[in-house]
Amino acid sequence: MHAPPTARRYRPPAPLGGRRRATGSPAGRNARAWAFLAPALIIIGLFVVWPMVSALRLSFMDASGFGREEFIGLENYLTVFTDPDVRDAVLNTLWYTVLFTPTAVIAALALALLLNSPRMPFRSFFRTALFVPFVVSFAVAAFAWSYLIDPQVGLLNHWLRGMGIQLGNVLEDPDLAMPAVVLVAVWKLFGFYFVIFLAGLQDIPASLYEAARMDGAGPWARLRSVTLPMLSNTMAFVLVFAMIAALQAFDQIYVMTGGGPYGHTQTLVMEIYESGFRKLDIGFASALSYVLLIATLLLSLVQFLFFGRKEKDLSS
Amino acid sequence: MSAAYRTRLRDVRPGTVLAVAALVAVSAVVLLPIAIIVFTAFKPVAEVNAYPPSLLPGTWTLDNVREVTSELPFARLVGNSFLFAGGVTAFALVFDSLAAYALARIDFAGRKVLLVAIIATLMIPFQATLIPLYQLVADLGWVNTYAGLIAPRAADAFGIFFLRQFFLSLPRDVDAAARIDGASEFRVFRSVVLPNAVPALLTLGLFTFVNNWNDLLWPLVFTTDSEMGTITSGLTLLTGPSGIVPHGVMMAGSLIAILPLVIAFLLIQRRFIENIATTGLK
């Protein structure tokens with residue numbers, strides 16, 4: 001972890017002492033500060049905070065998107081918690097998260113461990129190759145993978161058939177469609193988690209490994225007793241990040257399956273998009289948005305508390 | 001001593017060979033989708049749909065590239081992508097760095113509360129505010145305009161937080177000296193702090209550009225006119241349930257869509273990867 005620099009950056013700036021006079025009166029400083037802040041605060045206030053408040057209001061309305069609004073209390077939330085489509089979308093999103101998070105995180109960690117040693121040949125080539133998918137959009141990734149697993153002309157399908165694995169029409173298969181869209185997300189995002197793990201590994205002091213070696217610890221013992229404990233903060237960060245990404249899955253699903261077959265890849269954000277922009281059931285879609293918002297906030301809060309604790313540990 | 005060294009070499013080598021072999025295999029799988037995009041883009045239709053399929057084209061052709069540019073208002077979409085991603089990046093860098101400067105360098109009342117509030121908005125997923133945001137943009141008459149695409153993202157909490165962290169790490173002696181010489185706050189910001197923050201601005205800029213160029217949901221929602229979409233959203237118009245557009249054409253479009261980003265990334269990859277990695281940790 002980049003513990004020392006982070007700790008340094010978090011510390012409030014050193015008192016300015018005599019120089020403070022040069023920066024003018026407190027009132028003048030306040031005015032200047034707000035002038036610097038104004039453009040960003042106006043944008044964020046107007047386009048993030050206000051819509052959030054507005055979504056909360058709409059979630060208590062029967063609203064169709066044509067200006068008709070009627071207060072109906074908690075009815076949208078009742079629908080959210082009883083509607084079988086929503087239940088399926090929530091379960092699909094959880095299934096997606098369960099498939100995605102461990103796969104992406106373990107792949108990223110394993111590759112970071114392999115590539116951490118400076119003696120590894122072609123290290124920077126591998127690092128670049130593994131990170132390239134991160135700059136490719138989900139949509140393009142979805143096109144490429146759809147073609148690769150096409151039942152007729154897909155190259156990957158063809159090769160797998162050569163090895164005796166018959167996948168058939170993956171995106172039309174209720175059991176395989178979800179793993180397929182998850183695979184695209186793993187492909188696109190694991191490189192990001194990989195470089196975060198690499199940075200975390202670089203920050204583990206070599207002296208700890210020396211000490212473990214002196215105690216006669218082999219590679220496995222060193223991994224278990226030095227690397228993984230020292231990496232726990234990075235691990236927590238990556239896990240939360242991956243789970244948030246999974247909760248918000250949309251792009252490649254929209255392209256590859258459109259939520260199908262028979263709703264088997266219909267996630268929460270797909271459901272919000274459909275109810276809000278196709279069926280124009282704005283109130284219901286807003287209630288659904290708040291479910292997503294609260295789930296994300298809870299995960300972020302876990303992360304924030306975790307890192308807040310680390311901050312305190314470091315500054316004490 | 002030398003015997004021990006030889007033993008260690010013997011211990012290490014098979015492991016390293018295995019590791020390199022594993023890395024080659026993983027990299028091959030990871031690069032396969034990119035390879036299929038590049039090679040299929042230049043394959044004749046007959047080969048694209050041939051069985052058994054092959055990775056490399058037998059003969060190379062520009063037919064797919066020609067066809068995708070005639071199926072879509074292609075130059076327009078690529079131009080829109082540059083305007084949208086570039087516009088968001090330019091505005092966000094200016095507004096974020098101004099705000100970050102105040103939070104990092106000016107000692108004003110309410111600074112801590114404001115910082116916490118900004119971090120809190122960082123946790124709001126944009127998907128959750130999409131519907132009222134769309135209504136707002138529609139009320140402003142900004143659907144299908146560049147303003148509607150760009151303005152809502154002209155500043156963001158992540159960028160402010162990221163730059164604030166960086167500004168805090170810069171030494172404060174020089175700006176104090178500049179102030180004593182009578183420099184205004186804005187002058188300190190522009191001529192002292194910003195020039196020293198170029199690496200952070202570059203990283204944030206590329207990160208913002210990539211995210212917006214690649215975004216699908218945003219242009220999908222804020223543009224209904226196919227002339228106003230981005231290349232990322234425009235390509236999805238070609239797919240659809242019937243899947244009538246040939247794979248070769250899709251791959252040619254995909255290649256054009258990823259080319260600018262992949263080139264930019266390869267040019268500055270080392271610094272970008274390092275900065276992204278440490279960014280994630282803050």
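Residues numbered from 1 in each chain as written. Chains lettered and ligands numbered in written order. Predicted model: local features only at pLDDT ≥ 70, side-chain atom pairs only at ≥ 80, totals over all residues.

### Some details on the overall build of chain A
- Looking only at helices and strands, one finds 14 helices and two strands in chain A.
- The contacts in chain A between residues at least 6 apart in sequence include a share of 69% that link residues at least 24 apart. (Helix = DSSP H or I, 4+ residues; strand = E, 2+ residues; numbered from the N terminus. Contact = placed C-beta atoms within 7 Å.)

### Some points on the domain arrangement of chain B
- With domains assigned, chain B is organised as domain 1 (2-64) and domain 2 (72-238).
- Computed over C-alpha atoms only, the centres of domain 1 of chain B and domain 2 of chain B are separated by 38 Å. (Domains from an automatic or database assignment.)

### Here's the deal with the UniProt feature "domain: ABC transmembrane type-1" (unreviewed entry) in chain A
- Feature annotation in UniProt assigns "domain: ABC transmembrane type-1" (unreviewed entry) to the following positions: residues 90-303 of chain A.
- Overall, residues 90-303 of chain A shows 73% helix and 0% strand. The separation of its end C-alpha atoms is 22 Å. (UniProt positions renumbered as here; feature names shortened; annotations may be inferred.)

### Describing the UniProt feature "transmembrane region" (unreviewed entry) in chain A
Residues and elements named next belong to chain A.
- Here the UniProt-annotated "transmembrane region" (unreviewed entry) positions come out as residues 33-53, 94-116, 128-149, 176-199, 230-250 and 287-307.
- In this annotation, residues 128-149 is assigned 68% helix and 0% strand; the end-to-end C-alpha distance for the span is 25 Å.
- With 96% helix and 0% strand, the stretch residues 176-199 has end C-alpha atoms that lie 35 Å from each other.

### Points about the UniProt feature "transmembrane region" (unreviewed entry) in chain B
- Look at the UniProt record and you will see "transmembrane region" (unreviewed entry) annotated at residues 16-42, 82-104, 113-134, 146-167, 188-210 and 244-268 of chain B.
- Annotated as residues 188-210 of chain B, this span is 96% helix and 0% strand, and its ends, taken at the C-alpha atoms, are 30 Å apart.

### Focus: the nonpolar core
- Counting 163 residues, the largest nonpolar core has Ala40, Ala108, Tyr193 and Phe194 of chain A together with Ala99 of chain B as the members making the most contacts within it.
- Counting residues per element, this core draws most heavily on helix H8 (residues 177-202) of chain A, which supplies 19 residues.
- Per-domain counts for this core show at least three residues from each of domain 1 (2-64) and domain 2 (72-238) of chain B.
- Non-local contacts of phenylalanine 194 of chain A, meaning those with residues more than four positions away in its chain, are made with Ala108, Leu111, Ala112 and Leu130 of chain A. (Core = buried A, V, L, I, M, F, W, Y, C linked by C-beta atoms within 7 Å. Buried ≥ 20, exposed ≤ 12 C-beta atoms within 10 Å, placed from the backbone.)

### Considerations on helix H11 (residues 198-214) of chain B
- The end-to-end C-alpha separation of H11 of chain B is 24 Å, in line with the 24 Å expected for 17 residues at 1.5 Å each.
- For H11 of chain B, every residue scored as buried is listed here: Ala200, Thr203, Leu204, Leu206, Thr208, Phe209, Val210, Asn212, Trp213 and Asn214 of chain B. (Expected span 1.5 Å × (residues − 1).)

### Regarding unusual backbone geometry
- Residue proline 52 of chain B follows tyrosine 51 of chain B across a cis peptide bond; omega there is 0 degrees.
- In this fold, proline 52 of chain B is placed in the loop between helix H2 (45-48) and helix H3 (63-71).
- Despite not being glycine, tyrosine 262 of chain A has its phi angle at roughly 50 degrees, a positive value.
- Within the secondary structure layout, tyrosine 262 of chain A lies in the loop between helix H12 (251-256) and helix H13 (268-278).
- Of note in the backbone geometry, leucine 280 of chain A takes a positive phi value of approximately 55 degrees without being a glycine.

### A closer look at the environment of leucine 114 of chain B
- Here leucine 114 of chain B shows up in helix H5 (residues 111-122).
- Note: C-alpha distance between leucine 114 of chain B and threonine 129 of chain B (15 residues apart in sequence) is 21 Å.

### Observations concerning the packing of helix H6 (residues 138-148) of chain A against helix H14 (residues 247-267) of chain B
- Direction vectors running N to C along H6 of chain A and H14 of chain B enclose 145 degrees, while the axes themselves pass 10 Å from each other. As H6 of chain A runs across H14 of chain B, the sense of the crossing is left-handed. On the side of H6 of chain A, the interface is formed by Val140, Phe143, Ala144 and Tyr147 of chain A, while H14 of chain B contributes His247, Met250, Met251, Ser254, Ala257 and Ile258 of chain B. (Axes fitted to C-alpha atoms, helices over the stretch in contact; angles between N-to-C directions. Left-handed = near helix turned anticlockwise from the far one by under 90°.)

### Considering the packing of helix H2 (residues 26-58) of chain A against helix H4 (residues 74-105) of chain B
- Close contact between H2 of chain A and H4 of chain B brings their axes to 8 Å; oriented N to C, the two are set at 135 degrees. Judged by the inter-axis angle, H2 of chain A sits oblique to H4 of chain B. Pair H2 of chain A / H4 of chain B crosses with left-handed handedness. From H2 of chain A, Ala33, Phe36, Leu37, Pro39, Ala40 and Ile43 of chain A reach across to H4 of chain B, where they touch Phe95, Asp96, Leu98, Ala99, Tyr101 and Ala102 of chain B. (Parallel < 35°, antiparallel > 145°, perpendicular 65-115°, else oblique.)

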